[in-house]
Amino acid sequence: MAALLLLFLFLFASSALSQDSLIGVNIGTEVTNMPSPTQVVALLKSQNINRVRLYDADRSMLLAFAHTGVQVIISVPNDQLLGISQSNATAANWVTRNVAAYYPATNITTIAVGSEVLTSLPNAASVLVSALKYIQAALITANLDRQIKVSTPHSSTIILDSFPPSQAFFNKTWDPVIVPLLKFLQSTGSPLLLNVYPYFDYVQSNGVIPLDYALFQPLQANKEAVDANTLLHYTNVFDAIVDAAYFAMSYLNFTNIPIVVTESGWPSKGGPSEHDATVENANTYNSNLIQHVINKTGTPKHPGTAVTTYIYELYNEDTRPGPISEKNWGLFYTNGTPVYTLRLAGAGAILANDTTNQTFCIAKEKVDKKMLQAALDWACGPGKVDCSALMQGESCYEPDDVVAHSTYAFNAYYQKMGKASGSCDFKGVATVTTTDPSRGTCVFPGSAKSNQTIGNNTTALAPSANSSTSGCIPKYYHPHASFGDLTLFSLLLIVALVFL
C-alpha cells in the first residue's frame, strides 16, 4: 500500500511539473521597491512557477535561483551587443562570468541575445547574428552548448500581413538578418523567440479586431476568423500571430524551428485614453492564455503542440516611462499581493495567485530601532497581540533583538486582523512578504506549520504612518497567556498515535 501511495504521489507530481513547465514569467526591474532575490524566489515557489526570464544576468538573482530547479533565461542587454559581436574574447568572457560561474547549480536554459533588436535598435541589426554566433562558440568551448540554447526575442511586428496567417511573411527589409538568423536557429536546435501582444493588435485595429477575439473569449462559429487558404479556424489573436510566424518561416523554407513566446500579457490599468487596460480584461486574457497553454491546445496549424509562454510580467514596474499602461502589466505588486486573482479552473497549483493566505508581516530592515521598539510595544499592548512566545526561555525569544521580536509581533497582529489593509504598517516600519519568517521551533501565526486559528478582530488598527499614536508602553506587555503550545502538542500527539 505504501509503495502504491508513493507511486501515485510521484506520478501526480510529475504530471503537475510537466504542466507547469509550459508557463513562465518575465521579471522586470524598473520598480521603486524591488523585492530581494530571495523574496522573488519565494513568490515564484509559492506560485509553482518554474520558468523565468531575466532581462540581464544579475549575479544576486542567479545565486538566488541556485538549486531551485527553476529554468532561467538570461539576457545579453542591447547595449552589450556591439562589443560581443566584434570579439570572440568578449563573448567568451561574458559566458564565463554570467553562465559558467552559475551553471549547473542555477538551471540556465537559454541566453537571449538582445531584445527586439530589429524594431527597437535597428542600427544594431547587422551585428545581431554575429553576437549569437560568438556566444554559441563560447558555449561550445565551455562544453555547455548542448544544455543551453542561444536565440533573440523579436517583436511580432516583424511579421507583415499576419492575417490570414498562411499569407504572412517577414518584413523583407530584414531578410539579410532573418535568413542567417533562422539558419543559425535551425543548426543549433534553438527556438524562435517571439513577443506576442494581442492587446496592441486590438488597440491599433480601430475596432476591426473584436475584444473577445483578443481575450480568448468563446466565439460563435460564424464569428471565428477563417484562413481562406487553409480553411483553418482561428478563435483568438494569439494563435493567429504564432501561426503567422510559422507560415512566415515556411515561406523562407524553414519548417522545423519551434516557437517560444517570450512575452505576452495585458495591462490592468491605463490612462484616460486606454479604455481597455482594465483589471477585468487583464485577468480574462492571462487566465485564458495560461489555460490555453497548459492544456496543450496548440494552434490551428500545430494542434496539440504547446507553445511555451512567458507572461509579461511578474511585478508592476512603476518607474517605466511611457503611458500609465506601461507600468501596469504585472501579476503582483512588489509586496507579493496579487493585482488580481487569476481564474484557472483545473490548472493545478500553477499561478493560483491568491496569496492572501501566504503573506506575512515583517519588520523592515535598516529602520530606526526606537521606532521599531515603539511599534513592538504597541502591538504587544493596545494591539492585544499575545507576545508570550517572545519571553525569555520561550520558542521565539532567540534571537533577542528588536527586529526579530518586532517581526513576530507585527505578523501576529497582521494575522489576527485578518490581513486587513493597513494592518501591516506600524508607522512605516513594517512590510508584507510571501516568505514564511518561521524559524526552527518558532512557528509564526499564519504559517503552514501552525495550527492556530486566526481571528478577524478589527477593533484596533496598527499605527500607520499618519497615526499620532505613540505606541510606547512597557516592553512585551501581554494581557493573557496562550494555550497554543499545549494545543499544538496535543495535535502532534494525536497524529503520532494515528500513524503508529
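The preceding data block contains the structure.
What counts and how
- Residues numbered from 1 in each chain as written.
- Predicted model: local features only at pLDDT ≥ 70, side-chain atom pairs only at ≥ 80, totals over all residues.
- Heavy atoms only, no water.
- Helix = DSSP H or I, 4+ residues; strand = E, 2+ residues; numbered from the N terminus.
- Buried < 20%, exposed > 50% of the residue type's maximum accessible area, 1.4 Å probe, protein only.
- Contact = heavy atoms within 4.5 Å.
- Areas by Shrake-Rupley, 256 points an atom, 1.4 Å probe, with all protein chains shown as cover.
- Axes fitted to C-alpha atoms, helices over the stretch in contact; angles between N-to-C directions.
- Parallel < 35°, antiparallel > 145°, perpendicular 65-115°, else oblique.
- Left-handed = near helix turned anticlockwise from the far one by under 90°.
- Nonpolar A, V, L, I, M, F, W, Y, C, P; charged D, E, K, R; others polar.
- 1 Å grid on protein atoms, 1.4 Å probe; cavity = no way out; pocket = protein on both sides within 12 Å on 5 of 7 lines; lining within 4 Å.
- Points joined across faces, edges and corners; volume = space filled by probe spheres on them.
- Core = buried A, V, L, I, M, F, W, Y, C linked by side-chain atoms within 4.5 Å.
- Pairing = 2+ DSSP bridges.
- Salt bridge = Lys/Arg side-chain N within 4 Å of Asp/Glu carboxyl O.
- Disulfide = S-S within 2.5 Å.

J.: How would you explain the overall build of the chain if you had to name every residue and give the values?
T.: Each helix and strand in the chain was counted, giving 15 helices and 15 strands. Sorting the 500 residues of the chain into buried and exposed places 49% on the buried side. Considering only contacts in the chain between residues 6 or more positions apart, those separated by 24 or more positions represent 71%. When the accessible area of the chain is evaluated, it comes to approximately 23,100 Å², of which 57% is carbon and sulfur surface.

J.: Kindly report on the environment of Arg 59, identifying the contributing residues and their values.
T.: In this fold, Arg 59 is placed in helix H3 (residues 59-64). Using a relative accessible area of 54% as the deciding quantity, one classes Arg 59 as exposed. The spacing of Arg 59 and Asn 98 is 39 residues in sequence and 7.6 Å in space, taken between C-alpha atoms.

J.: Describe the packing of helix H13 (residues 369-380) against helix H14 (residues 402-416), listing the residues and the values that go with them.
T.: Interaxial distance between H13 and H14 falls to 9 Å at its minimum, and their mutual angle equals 40°. It follows that H13 is oblique to H14 by the angle criterion. Helix-helix and strand crossings are classified by hand; for H13 and H14 the assignment is left-handed. Taken together, the residues of H14 that come into contact with H13 (itself represented by Lys 369, Leu 372, Gln 373, Ala 375, Leu 376, Trp 378, Ala 379 and Cys 380) are Val 402, Val 403, His 405, Ser 406, Ala 409, Phe 410 and Tyr 413. Here the contact of H13 with H14 is built from residues that sort into eleven nonpolar, three polar and one charged.

J.: Residue-level account of unusual backbone geometry, with values.
T.: Following Tyr 103, the chain continues into Pro 104 via a peptide bond in cis, with omega recorded as 10°. Looking at the secondary structure, you find Pro 104 in the loop between helix H5 (88-100) and strand S4 (108-113). The omega torsion of the bond from Phe 163 to Pro 164 falls at 0°, within 30 degrees of zero and hence cis. Within the element layout of this structure, Pro 164 appears in the loop between strand S7 (159-160) and strand S8 (169-170). A positive phi angle is found at Asn 206, which is not glycine, with a value near 55°.

J.: If you had to explain the layout of surface pockets to someone new, which residues and values would you point to?
T.: Here the largest pocket defines a volume of roughly 1,100 Å³. When residues of the lining of the largest pocket are traced back to their parent elements, those giving at least two are helix H2 (37-46), strand S14 (360-363), H14 and strand S15 (430-433). A class-by-class count of the residues in the lining of the largest pocket yields 15 nonpolar, 20 polar and six charged. The wall of the second largest pocket is formed by 35 residues, among which Glu 116, Ser 155, Asn 195, Tyr 197 and Glu 263 lie closest to the centre. Of all elements in the fold, only strand S3 (71-76), S7 and helix H9 (198-204) reach the threshold of two or more residues within the lining of the second largest pocket. The greatest single-element share of the lining of the second largest pocket, amounting to three residues, is contributed by H9. A class-by-class count of the residues in the lining of the second largest pocket yields twelve nonpolar, 13 polar and ten charged.

J.: Any chance you could break down the nonpolar core for me, citing the residues and the numbers?
T.: As a rule of thumb, nonpolar side chains are buried together in soluble globular proteins. Counting residues in each nonpolar core, the largest one holds 106 residues, and the members touching the most others are Phe 65, Ile 74, Trp 94, Val 99, Ile 111, Ile 135 and Leu 182. Here the element with the most residues in this core is helix H11 (residues 237-251); it accounts for eleven residues. Ile 135 has contacts with Val 76, Ile 84, Ala 91, Trp 94, Val 95, Ile 111, Val 113 and Val 150, leaving out every residue within four places of it along the chain. One finds Val 402, Ala 409, Phe 410 and Tyr 414 within the second-largest nonpolar core, a separate group that totals 29 residues.

J.: So what about the sheet that holds strand S13 (residues 309-311)? Which residues, and what values?
T.: With respect to topology, nine strands assemble into an open sheet ordered S5-S4-S3-S2-S1-S13-S12-S9-S6, the strand pairing being parallel. If you trace the sheet from one side to the other, it starts and ends with strand S5 (149-151) and strand S6 (153-155), each paired once. Here the strands of the sheet are splayed against their neighbours by 25° on average, with no regard to which way each runs. Alignment of strand S1 (residues 23-27) against strand S2 (residues 51-54), held across three bridges, turns out to be parallel. Pairing of Asn 26 across the sheet is with Arg 53, part of S2. Contacts from H11 reach strand S9 (192-195), strand S12 (259-264) and S13 within the one sheet, and its direction differs from that of S12 by about 140°. Running over the sheet, helix H12 (residues 279-294) touches S1, S12 and S13 and is turned about 155° from S13.

J.: Describe the pattern of salt bridges, and please don't skip the residues or the numbers.
T.: For the structure on display, the rule yields four salt bridges. We note a salt bridge from Arg 320 to Glu 30, for which the minimum N-O separation is 3.2 Å. One end of the pair, Arg 320, is in the loop between S13 and S14; the other, Glu 30, is in the loop between S1 and H2, with 290 residues separating them in the sequence. Take Glu 30: its relative accessible area is 31%, and that puts it in the partly exposed class. Salt bridges sharing common partners tie together Glu 30, Glu 317, Arg 320 and Glu 326.

J.: How would you explain the packing of helix H7 (residues 125-141) against helix H8 (residues 175-188) if you had to name every residue and give the values?
T.: One way to put it is that H7 packs onto H8 with a least axis distance of 9 Å and a crossing angle of 15°. Classified by the interaxial angle, the pair formed by H7 and H8 is roughly parallel. Crossing of H7 over H8 shows left-handed handedness. Residues Ala 125, Leu 128, Val 129, Leu 132, Lys 133 and Gln 136 of H7 form the contact with H8, whose participating residues are Val 177, Pro 180, Leu 181, Phe 184 and Thr 188. Residues of the contact of H7 with H8, tallied by class, amount to eight nonpolar, two polar and one charged.

J.: Tell me about the state of the cysteines, and please be specific about residues and values.
T.: All chains considered together, the criterion is met by three disulfides. What pairs with Cys 380 in a disulfide is Cys 387, and their sulfur atoms sit 1.9 Å apart. Judged by the torsion about the S-S bond (-85°), the Cys 380/Cys 387 disulfide is left-handed. Each member of the pair, Cys 380 as well as Cys 387, is classed as buried. Bridging Cys 396 to Cys 442, the disulfide has an S-S length of 1.9 Å. Taking the torsion about the S-S bond as the criterion, the Cys 396 to Cys 442 disulfide, at about 105°, is right-handed. One end of the pair, Cys 396, is in the loop between H13 and H14; the other, Cys 442, is in the loop between S15 and helix H15 (484-499), with 46 residues separating them in the sequence. Described in terms of the sequence order of its bonded cysteines, the disulfide pattern of the chain is 1-5, 2-3, 4-6.

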